[in-house]
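Residue strings, one per chain:
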Amino acid sequence: HPTKCNFAGVRSLEILGILVDKQRAQLLLSPAKMRKVECAARRLLAHASSHRRHVPARALRSFAGLGNSTGPAVVDARLRLRELFDSLSLTGRRDEISELGASAEARNAGTPSGNSEILSPPNRLVTPPEAPPEAAPHPNVSRRGASQAQRERNPRLSHASMRDLQWWATLARNPHVGREV
């Protein structure tokens, strides 16, 4: 069909929201993609500021993927996503990390920790007796309606993550958007 093919040369081409400018040899974000990234960052910032820096893990993963897709055109994309990926990797593991810290403190103090093995004098491993199971804590519902379990599943952003989200929210004003090919 004659209207489906375009044999005329082009100087710029948009592929997946990234403009390939052959004349200036640059990769740039299209205005629509830039607007989409900035709006997503602003939504996350608004949610984080009203929920004690807790954001839904799904929304954070979605934004991390969106930001990662800008990598060819945004020079600092991977650097500015590192803290967000760290927040995602700690989701649901804060209790494990605090337990690790508590057991390390107990070992340093010379007292045995809860479930670690103790080396007995005749060089045998002896497991200390287990404590009785504790009752499940009551889900402490906050005034905003999110239970403590929900807050633990949702990552809490660090100050560095918040700073990086502010950087993404002002992406159009950043001089490092655009890369030489």
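As the structure is a prediction and not an experimental result, all values here were calculated from the model.

> Help me understand the overall build of the protein chain in this model?
Helices and strands together make up the secondary structure of the protein chain, namely six helices and six strands. Ordered by position from the N terminus, the helices and strands of the protein chain form the series β-β-β-α-α-α-α-β-β-α-α-β. Summarising the internal contacts of the protein chain: among those between residues at least 6 apart in sequence, 64% fall at separations of at least 24. By element, 54% of the accessible surface of the protein chain is carried by carbon and sulfur atoms, the whole surface being about 12,900 Å².

> How should the pairing of strand β1 (residues 12-15) be read in this particular structure?
For a regular strand, side-chain orientation follows a simple rule: the groups alternate between the two sheet faces. Sheet analysis places β1 next to strand β2 (residues 18-21), joined by four bridges and oriented antiparallel. Opposite L13, over in β2, you have V20 as the bridge partner. In this structure, the hairpin formed by β1 and β2 is closed by a connection of two residues, where L16 is found at a positive phi of approximately 50 degrees.

> Help me understand the pattern of salt bridges in this model?
For the coordinates displayed, the defined rule picks out four salt bridges. Salt-bridge contacts for R24 lead to D21; the nearest nitrogen and oxygen are separated by 2.7 Å. Take D21: its relative accessible area is 9%, and that puts it in the buried class. Between R42 and E38 there is a salt bridge, with the nearest N and O atoms lying 3.9 Å from each other. Of this pair, R42 and E38 are both found in helix α1 (residues 31-50), four residues apart, which corresponds to roughly one turn of the helix. The exposure class assigned to R42 is partly exposed, which follows from its relative accessible area of 43%. Judged by relative accessible area, which is 10%, E38 ranks as buried. It is possible to trace a salt-bridge network through shared partners that takes in R80, R163 and D164.

> For this particular structure, what's the right way to read the nonpolar core?
A general tendency of soluble globular proteins is for nonpolar side chains to be buried together. L29, F63, L157, L165, W168 and L171 are the most contacted members of the largest nonpolar core, which has 30 residues in total. Broken down by element, the residue count for this core peaks at seven residues, all from α1. If we ignore the near neighbours within four places in the chain, the residues touching L29 are G17, I18, L19, M34, T70, A73, V74, L171 and V177.

> What am I meant to see in the packing of α1 against helix α2 (residues 57-68) here?
Packed helices, taken two at a time, are described by their axes: the angle between them and the distance between them. Between α1 and α2, the least distance of the axes is 10 Å, while the angle of their chain directions is 150 degrees. On the basis of their axis angle, the class for α1 and α2 is roughly antiparallel. Here α1 runs over α2; the crossing is left-handed. Touching K33, K36, V37, A40, A41 and L44 of α1 are A59, L60, F63 and L66, all from α2.

Definitions and cut-offs
Chains are numbered independently. Their residues run from 1 in the order of the written sequence. Restriction of local features to residues with pLDDT of at least 70 applies here, the model being predicted, together with a cutoff of 80 or more for giving and counting side-chain atom pairs; totals for whole chains, interfaces and linings are based on all residues. Hydrogens and waters are ignored; side-chain quantities use all the structure's heavy atoms. Strands here mean DSSP runs of E at least two residues long; helices mean DSSP runs of H or I at least four residues long; both are numbered from the N terminus. Contacts between residues were defined by any pair of non-hydrogen atoms, one from each residue, lying within 4.5 Å. Surface accessibility follows the Shrake-Rupley procedure with a 1.4 Å probe radius. Residue values consider only the protein chains on display as shielding. A pair of strands is labelled paired if DSSP reports no fewer than 2 bridges between them. Put simply, a salt bridge is a Lys or Arg side-chain nitrogen that is within 4 Å of an Asp or Glu carboxyl oxygen. For the exposure calls, accessible area comes from a 1.4 Å probe over protein chains only, and a residue counts as buried if that area is under 20% of its type's maximum, exposed if over 50%, partly exposed in between. Nonpolar cores are built from buried Ala, Val, Leu, Ile, Met, Phe, Trp, Tyr and Cys residues. Side-chain atoms within 4.5 Å join them into one set. To obtain an axis, a line is fitted to C-alpha atoms, over the contacting stretch when the element is a helix, and the angle between two such axes runs from 0 to 180 degrees between their N-to-C directions. Roughly parallel refers to an angle under 35 degrees, roughly antiparallel to one over 145, roughly perpendicular to one between 65 and 115, and oblique to any angle outside these ranges. Less than a right angle of anticlockwise turn of the near helix away from the far helix marks a crossing as left-handed, whereas a clockwise turn marks it as right-handed.

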